[in-house]
Amino acid sequence: MSSKDWIEKDYYAMLGVQKSASSDDIKKAYRKLARESHPDHNPGDPKAEERFKAVSEAYAVLGDEAKRREYDEMRSLFGSGAFRRGARGGGQPGGGVPFDVSDLFGGAAGGGDTRFGGGGFTDLFSTIFSGGGAGGPARARGPARGRDVEAEVALDFDDAVRGVTLPLSLRAPGVCDTCHGNGAKPGTQPKACPVCHGAGVTNRNQGSFSFSEPCRNCQGVGTVVEEKCPECQGTGGVTKTRTLNVRFPAGVADGQRIRLAGRGEPGERGGPAGDLFVQVKVRPDELFGRTGDDLTLTVPITFVEAVLGTDLRVPTLDGAVTLRVPPGTPSGRVLRARGKGVVRKDGRAGDLLVTLDVVVPAAVSDEARSALESFAAQTPPAAREHLDARVRRVG
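Keep in mind the model is a prediction, meaning the values are calculated, not measured.

Draft legend 1. Region of the structure containing the sheet that holds strand S9 (residues 276–282). Taken together, the three strands give an open sheet; going across it, the order is S1-S9-S8, and neighbouring strands pair in mixed fashion. With partners counted over all chains shown, the strands left at the sheet margins are strand S1 (149–155) and strand S8 (257–260), one partner each. Ignoring which end each strand starts from, the neighbouring axes of this sheet average 25 degrees apart. With four bridges connecting them, S8 and S9 associate as antiparallel partners. Its bridge partner lying in S9, Arg257 is registered against Gln279.

As C-alpha cells, then:
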C-alpha cells in the first residue's frame, strides 16, 4: 500500500470502528468482518473477496501501533481524506479542504514530477516526516560517496584453508595526490556555495508547505570549486595503480566475498570512499575436496583389505593419521578423522571424511584366479533372492 492509500482510505470506516477505538476493539472488529467475508465462506463472490482484502489492508495498518500513529498523523496533516485526486469544491468530512493532487504537486501523485525527485508520494512524505519539509531544518547532502570496487583473487586450496595475506594491485580511481581529494587547485580551498550557503539543499515553498531539494548549483555538496585542480579537474580523484595487502581469513570458501570498508573509489571532492569487494576463487587441490568445514579424501583399498580389514595411513593438511578399516567394509564407506578439517573462527575444526573405494583389478594371474575360485567356493553367495524372483516373473 502507498502513502496515497493512507490519505484517501478511511481504515476506521472499513472496520466500522471509531478513531478512538482500542486495539482490542479493532482486533475484534477485524476478526468478525474477516470471518463474514472470507472467500472460503463466500465461494464465487468477488465482492466478498474485495471486502476481505479491504478489511485485511485496514487491519494491517490499524493493528500495528506504529503504523497506526503514522496513519493518524498523515490523515490529520492532509485533512482526513480531503487530499483526493479530482475532488473539487464543496466540503468533505474531517474538516479538510478538497483539491486535486496535481494542483499542489504538479503530477507528483503519478510519480512523474521531477521537482520532487520523480519519487511520487513515497519520496514526498519521507521528506515531510524526516524534517526536510514543513519548516524542518535543511540538511546538507554532502559530497557523494565513492563507488564500490570489485576484484577477483585466486587462492591455492591450502592458503584458503589456513588463511593468508596477499598483495592486491588495483588500477582504479584513487584520491588525487595533488589536491588530496578536495578538487581545488593547490593553495586554494573550496568555498561555501553562494546559492545554498553551504547547506547543500534549497527550500521550495508551495502553498502551506516547504520542500527541500539538493542545491543545483553545487549538486548538494555545499561547496564549489572556483579554481579546479589541474590534475583531477576538480573531481578529487584520479585513476592510478595502488597495492593493498588483503588478509583472507582461515577457512575462506570458494565464491566468498571479502569486504574492505572504505577501500573502493574515493568520493567526489573529499566524499567518503566506497568499499572494495574481493571475490575469492579457490583452486582445487589434487587430493582434498571440501564440504563446508569438512575436508574430503578418497582412498583406494584392495578387495582383500576390504574383506579382512586393515589399518590405513592417510594424509591430512598438517600431518597424517591412522584409520582402522574394519573387516567386511563395503566400497563407498566413509571413515571420519575428527578435528582434521578446516579450522573455524571459534577455534574448532571440521573433520576429515575418508571415502573408501574398493579397487577391482582388471586382470589377475592364474594363481590369483585359482585362489579367488577357492575363496568363492567357501563363501556364501550374495543375497539376490528378491532379484531372482522378479527375473523369474518377468522372464
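Moving on from the coordinates now.
Draft legend 2. A look at the packing of helix H3 (residues 23–37) against helix H4 (residues 46–62). Remark: H3 packs on H4, axes separated minimally by 9 Å, with the N-to-C direction vectors making an angle of 160 degrees. The pairing of H3 with H4 is recorded here as roughly antiparallel in orientation. Regarding H3 and H4, the two cross each other, and that crossing is left-handed. Across the interface between the two elements, Ile26, Lys27, Tyr30, Leu33, Ala34 and Ser37 of H3 pack against Ala48, Glu49, Arg51, Phe52, Val55, Ser56, Tyr59 and Leu62 of H4. Looking at the contact of H3 with H4 residue by residue, the class counts come to nine nonpolar, two polar and three charged.

Draft legend 3. Structural detail: the sheet that holds strand S10 (residues 289–291). Strand order in the open sheet formed by four strands is S10-S11-S15-S14, with mixed pairing between adjacent strands. The open sheet has two edge strands with one neighbour each: S10 and strand S14 (334–337). Looking at each pair of strands side by side, their axes are set apart by 35 degrees on average, direction ignored. Here S14 runs beside strand S15 (residues 352–359); their pairing, made up of four bridges, is antiparallel. Bridge pairing links Leu335 to Val354 in S15.

Draft legend 4. Quick peek at the pairing of S9. In terms of burial, S9 is a largely internal element, five of the seven residues being buried. Bridge count for S1 against S9 is seven bridges, and the pairing is parallel. Residue pairing in the sheet places Ala154 in a bridge with Lys281 of S9.

Draft legend 5. Inspection of the pattern of salt bridges at higher detail. Applying the stated criterion across every chain yields a total of 15 salt bridges. The salt bridge involving Lys32 is made with Glu36; its shortest N-O contact spans 2.8 Å. One end of the pair is Lys32 and the other is Glu36, both in helix H3 and four residues apart, which spans about a single turn. Given a relative accessible area of 46%, Lys32 falls into the partly exposed group. For Arg162, the salt bridge identified is with Asp158, shortest N-O distance 2.9 Å. Placement of the pair is Arg162 and Asp158 together in helix H8 (residues 157–162), with a separation of four residues, close to one helical turn. Classification of Arg162 as partly exposed rests on a relative accessible area of 44%. If you follow the salt bridges from partner to partner, you end up with Arg145, Asp148, Arg259 and Asp275 in one network.

Rules and cut-offs
- Residues numbered from 1 in each chain as written.
- Predicted model: local features only at pLDDT ≥ 70, side-chain atom pairs only at ≥ 80, totals over all residues.
- Heavy atoms only, no water.
- Pairing = 2+ DSSP bridges.
- Helix = DSSP H or I, 4+ residues; strand = E, 2+ residues; numbered from the N terminus.
- Axes fitted to C-alpha atoms, helices over the stretch in contact; angles between N-to-C directions.
- Parallel < 35°, antiparallel > 145°, perpendicular 65-115°, else oblique.
- Left-handed = near helix turned anticlockwise from the far one by under 90°.
- Contact = heavy atoms within 4.5 Å.
- Nonpolar A, V, L, I, M, F, W, Y, C, P; charged D, E, K, R; others polar.
- Buried < 20%, exposed > 50% of the residue type's maximum accessible area, 1.4 Å probe, protein only.
- Salt bridge = Lys/Arg side-chain N within 4 Å of Asp/Glu carboxyl O.

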